Amino acid sequence: MRYGGEGRTRLLLIILIVTALFLITLDLRGVAVLDGARQGTQTILSPFQKAGNFILTPVKNFVTDVTHLGRTRNQIEKLRADNAKLKADLINRKNADAQLKQLESILDLAGTAGYKSLDGGNTFTALSGLPALGFPTASWSSIAGDITGLNIAAVSFTQAVNQIYISNDGGVSFTARTLGSVPFTPFYPTNVAMSDNGQYIAVACMTQGGSGDWFENSNAVVCVSSNYGASFSANYIDSVTEDILSLSKVSVSGNGQYITAVFSHRVDPGFPNAPRPFSFRVYSSNYGTSFTKSGSSEFNLYLDIALSYTGQYQFLTSDYYRPGVFGGAGIKAYVSNNYGTSFTERYSNTGSYIFGANQYQGFVSATISDDGKTMVGATNGDSYFIGSTLPPVL
């Protein structure tokens, strides 16, 4: 039996080999019967192949991921490093673009003298019609505009003798206008202010002293326009000559009815008294047709003035210099709530000479809101009074 079983196995193997060779030969010769059988076999086995792939593919992927885990981590770290580098490059590019834009704006605006904003200060445009005057030998001293940005006035204390520059087209062009005539010539504008609609314009001026010095023996002047700067007249001329200490300031109420200007001058009473500042106001309640001069305030050096829309509230900033061993220096602020008829001291920060006086001085800026509730002042630390180098006795 053992030998018979081996013979049958051998015979079966030979039959299978011969059959395989026969089928291969038929396949190579392109017999169509085999093609149909092969396609039928594939059709039968295809679902089993798909099921096997569906079951085994996740296992295969998991094994592959585990095998390449270290390599994947390295790739992730490399991608993170590349991403960080790209972010840094982007930030550097943005910074470079911003610096380039800033430099371009500086170059584009070189020689431009004024700018305006109509969107709350978010953007500014150059006043193309207002040229630079050749700083530092000459410069614009003050500029004012209405709420529309169409009417603009500019003055130059250093160059424009008895002149103001007016624009009624938003700064595209400016026209020089004469401020008026005074018996004391020449005289120079120092500050300009305008009503909200641009109709009323006031200019504070000072004449050139007889000695040729701007600040010696000068007269205070206020010029006014009520027709959008088409013409001006000198509606206030102080007959008293003084040694002016600072550039005078002027402010116009939003409705144009009230105008207040402040002037400061130096007085030397003579020995044994030391020089000290005096200041006064000139104010109008009839659109600048006429002005009233206040009494002089000793020891005060008025530096700026601001008016609310109606003119009822007015804010005045001043430096304070009182000579003498027991004198002192500092800053003061005054407020009026009766349309500039009188002022009350509301703030004082002074110190005595014995203790080194006060570090605050140069109260040069005053602003006020339309309703008069908010008032803001600023100092620059400069001294605007020229007196004795040592604390005087009296």
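In the block above lies the structure referred to throughout.
In every chain, residue numbers begin from 1 and rise along the written sequence. Residues qualify for local features only when their pLDDT is at least 70, as the model is predicted, and side-chain atom pairs are given and counted only at 80 or more; totals for whole chains, interfaces and linings, by contrast, use all residues. Processing note: side-chain calculations cover all non-hydrogen atoms of the structure and skip hydrogens and water entirely.

### Some points on the overall build of the protein chain
- Starting at the N terminus, helices and strands are each numbered in turn, a helix being any DSSP run of H or I of at least four residues and a strand any DSSP run of E of at least two. When helices and strands are counted, the protein chain shows 3 helices and 22 strands.
- Contacts in the protein chain between residues at least 24 apart in sequence constitute 48% of all its contacts with a sequence separation of at least 6.
- For accessible areas, the Shrake-Rupley method is used with a probe of radius 1.4 Å. Any residue's cover is judged against the shown protein chains and nothing else. Accessible area of the protein chain: about 22,800 Å², with a carbon and sulfur share of 58%. When checking whether two residues touch, look at their non-hydrogen atoms; a contact exists if any pair is within 4.5 Å.

### Considerations on the pattern of salt bridges
- By convention in these notes, a salt bridge is any Lys or Arg side-chain nitrogen within 4 Å of a carboxyl oxygen on Asp or Glu. A complete count under the given rule lists 4 salt bridges for this structure.
- Where Lys 249 meets Asp 304, a salt bridge forms, and the shortest distance between an N and an O atom there is 3.8 Å. Of this pair, Lys 249 sits in strand β12 (residues 249-252) while Asp 304 sits in strand β17 (residues 300-307), and the two are 55 residues apart along the sequence. For the pair shown, Lys 249 and Asp 304 are each scored as buried.
- The residue Glu 298 makes a salt bridge to Arg 276 at a minimum N-O spacing of 2.6 Å. Taken as a pair, Glu 298 in strand β16 (residues 297-298) and Arg 276 in strand β14 (residues 276-284) lie far apart in primary sequence, 22 residues in all. Think of it in three bands: with a 1.4 Å probe and only protein chains considered, a residue is buried below 20% of the maximum accessible area for its type, exposed above 50%, and partly exposed in between.

### Examining the nonpolar core
- Buried Ala, Val, Leu, Ile, Met, Phe, Trp, Tyr and Cys residues that are joined via side-chain atoms within 4.5 Å together make up what is termed a nonpolar core. Within the largest apolar cluster, 16 residues are counted, with the highest numbers of intra-cluster contacts made by Ile 164, Leu 179, Val 192, Ile 201 and Val 203.
- Beyond its immediate chain neighbours, meaning those up to four positions away, Val 192 contacts Ser 142, Ile 143, Ala 144, Ala 153, Val 155, Ile 164, Ile 201, Ala 202, Val 203 and Val 250.
- By size, the runner-up hydrophobic cluster in this structure holds 15 residues, among which are Val 222, Ile 259, Ala 261 and Phe 291.

### Describing the side chain of His 265
- Residue placement: His 265 occurs in strand β13 (residues 259-267).
- Here His 265 is in contact with Glu 242, Asp 243, Ile 244, Leu 245, Arg 276, Pro 277, Phe 278, Phe 280 and Ser 296, once residues within four sequence places are set aside.

### Side note on the side chain of Ser 264
- Mapped onto the elements of the fold, Ser 264 is located in strand β13.
- Residue Ser 264 is classed as buried on the basis of its relative accessible area, which comes to 1%.
- The definition of a polar contact used here is a pair of N or O atoms within 3.5 Å, where within protein one atom must be able to donate a hydrogen and the other to accept one, and adjacent residues in sequence count solely through side-chain atom pairs. Among the polar contacts made by the side chain of Ser 264, one reaches the side chain of Ser 279 at a distance of 2.8 Å.
- Within the structure, the side chain of Ser 264 is placed 2.8 Å from the backbone nitrogen of Tyr 302, a separation counted as a polar contact.
- Excluding its chain neighbours within four sequence positions, the residues that come into contact with Ser 264 are Asp 243, Ile 244, Leu 245, Ser 246, Phe 278, Ser 279, Leu 301 and Tyr 302.

### Section: the sheet that holds strand β8 (residues 201-207)
- Strand pairing is assigned whenever DSSP identifies at least 2 bridges connecting the two strands. The sheet built from 4 strands is open, its strands ordered β7-β8-β9-β10 with antiparallel pairing. Looking at strand neighbours, the two that pair on one side only are β7 (187-194) and β10 (233-237), the edges of this open sheet. Within this sheet the neighbouring strands show an average axis-to-axis angle of 25°, counted without direction.
- One ladder, built from 7 bridges, connects β7 with β8; its direction is antiparallel. Bridge pairing links Ala 193 to Ala 202 in β8. Angles here are taken between N-to-C directions and fall from 0 to 180 degrees, while the axes themselves are lines fitted to C-alpha atoms, restricted in helices to the stretch in contact.

### Examining unusual backbone geometry
- Even without glycine at this site, Tyr 287 takes up a positive phi of about 65°.
- Secondary-structure assignment places Tyr 287 in the loop between β14 and β15 (292-293).
- The phi dihedral of Tyr 339 falls on the positive side, at around 65°, and the residue is not glycine.
- Among the structural elements, Tyr 339 can be located in the loop between β19 (328-336) and β20 (344-352).

### Here's the deal with the pairing of β19
- Taking burial as the measure, the 9 residues of β19 include 9 buried ones, the bulk of the element.
- Going residue by residue along β19, you find Gly 328, Gly 330, Lys 332, Tyr 334 and Ser 336 tucked away on one face and Ala 329, Ile 331, Ala 333 and Val 335 tucked away on the opposite face as well.
- In this antiparallel pair of consecutive strands, strand β18 (residues 314-322) and β19, the connection spans 5 residues, and Gly 324 shows a positive phi of 115°.
- Relative to β20, β19 runs antiparallel, the two sharing 8 bridges. Note that in β20 the partner of Gly 328 across the bridge is Ser 352.

### Considerations on the environment of Ala 378
- Relative to the elements of secondary structure, Ala 378 occurs in strand β22 (residues 375-378).
- By relative accessible area, which is 36% here, Ala 378 ends up partly exposed.
- Sequence separation of Ala 378 and Gly 362 is 16 residues, and the distance between their C-alpha atoms is 8.2 Å.
- Contact partners of Ala 378, with chain neighbours within four places excluded, come to Gly 362, Phe 363, Val 364 and Ser 365.

### Observations concerning the pairing of β17
- Counted residue by residue, β17 has 8 buried out of 8 residues, so it is predominantly covered.
- Where β17 meets β18, 7 bridges bridge the pair, whose relative direction is antiparallel. Bridge pairing in β18 places Ile 305 opposite Leu 316.
- Count of turn residues in the β17/β18 antiparallel hairpin: 6 residues, of which Gly 311 carries a positive phi of about 90°.

### A closer look at the sheet that holds β18
- Overall, antiparallel pairing links the 4 strands, which are arranged β17-β18-β19-β20 in an open sheet. One side of each edge strand has no neighbouring strand; the edge strands of this open sheet are β17 and β20. For this sheet, the mean angle separating the axes of adjacent strands, direction not counted, is 10°.

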